[in-house]
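Inside the fold
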Amino acid sequence: VQLQASGGGLVQAGGSVRLSCAASGRSFSSRGMGWFRQAPGKEREFVSAIHWSGGITYYADSVKGRFTVSRDDAKNAVYLQMNSLKPEDTAAYYCAAGPTFNFVRPREVEGYSYWGQGTEVTVSS
């Protein structure tokens, strides 16, 4: 599975950005998908995830109510709509794919099998 994240950029505080992650492979619809972020000098942290069924979503407390994760299995894509952005949301954002039909650790880096390259989001104050 190969993952390609896109959509990052420079945005003012209070603004919105939509990240996309395109996945290759035929097993996309059987994988939970996650978004993580990593700011300079910090560890990679969980942001959001979505079960392969699309019916269960997970959010970090810091983004709950502001970010929305979704998926389109017909397009092999997962999205992260980020609203009301804050300077502390500045980071490289990574999408990740879990093992097929196994999504028991959606909030942990170790729960994912494949990672895309990061897309940078910079929020100016």
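Cut-offs and rules
- Residues numbered from 1 in each chain as written.
- Predicted model: local features only at pLDDT ≥ 70, side-chain atom pairs only at ≥ 80, totals over all residues.
- Heavy atoms only, no water.
- Helix = DSSP H or I, 4+ residues; strand = E, 2+ residues; numbered from the N terminus.
- Rg over C-alpha atoms; globule rule 2.2 N^0.38 Å.
- Buried < 20%, exposed > 50% of the residue type's maximum accessible area, 1.4 Å probe, protein only.
- Contact = heavy atoms within 4.5 Å.
- Lys, Arg positive; Asp, Glu negative; His and termini not counted.
- Charge placed at Lys NZ, Arg CZ, Asp CG, Glu CD.
- Polar contact = N/O pair within 3.5 Å; in protein donor to acceptor, adjacent residues only side chain to side chain.
- Phe/Tyr/Trp six-rings, centres within 6.5 Å; stacked < 30°, edge-to-face > 60°.
- Core = buried A, V, L, I, M, F, W, Y, C linked by side-chain atoms within 4.5 Å.
- Pairing = 2+ DSSP bridges.

Points about the overall build of the chain
Counting its secondary structure elements, the chain contains zero helices and eleven strands. Counting from the amino terminus, helix and strand elements in the chain follow one another as β-β-β-β-β-β-β-β-β-β-β. In terms of overall dimensions, the chain is globule-like: its C-alpha atoms have a radius of gyration of 13 Å, near the 14 Å expected for 125 residues. With the principal axes as the frame, the chain shows a C-alpha extent of 40 × 25 × 25 Å. Counting all 125 residues of the chain, 43% fall into the buried class. For the chain, contacts bridging at least 24 residues in sequence account for 59% of all contacts bridging at least 6. Positive and negative charge centroids in the chain, built from 13 and 10 side chains respectively, lie 5 Å apart.

Topic: the side chain of serine 48
For serine 48, the position within the fold is in strand S5 (residues 45–50). Of note is the side chain of serine 48, whose polar atom sits 2.9 Å from the backbone oxygen of tyrosine 58.

Brief notes about the packing of aromatic side chains
Counted according to the given criterion, the structure contains seven aromatic pairs. Measuring from ring centre to ring centre gives 5.7 Å for phenylalanine 36 and phenylalanine 46, while their planes differ by 75 degrees; the resulting arrangement is edge-to-face. With phenylalanine 36 in strand S4 (residues 31–38) and phenylalanine 46 in strand S5, this residue pair connects regions lying ten residues apart in the sequence. Take phenylalanine 36 and phenylalanine 46: they sit in the same class, and that class is buried. Taking 5.5 Å as the distance between ring centres and 85 degrees as the angle between the ring planes, the aromatic pair formed by tryptophan 52 and phenylalanine 101 counts as edge-to-face.

Some details on the nonpolar core
Ranked by internal contacts, the top residues of the largest apolar core, which has 34 residues, are Trp35, Leu80, Met82 and Tyr93. For this core, the leading source of residues is strand S9 (residues 91–100), giving five residues. Setting aside chain neighbours within four positions, we find tyrosine 93 in contact with Leu19, Phe36, Arg37, Val47, Phe67, Leu80, Met82, Gln117, Gly118, Thr119 and Val121.

Remarks on the pairing of strand S11 (residues 119–124)
In S11, alternate side chains face the same way, and those of Thr119, Val121 and Val123 are buried while those of Glu120, Thr122 and Ser124 on the opposite face are not. As paired strands, strand S2 (residues 9–12) and S11 are joined by four bridges and run parallel to one another. Within S11, the residue paired with valine 11 across the bridge is valine 123. In this sheet, S11 lies alongside S9 in antiparallel orientation, the contact comprising three bridges. Across the sheet, the residue bridging to alanine 92 is glutamate 120, located in S11.

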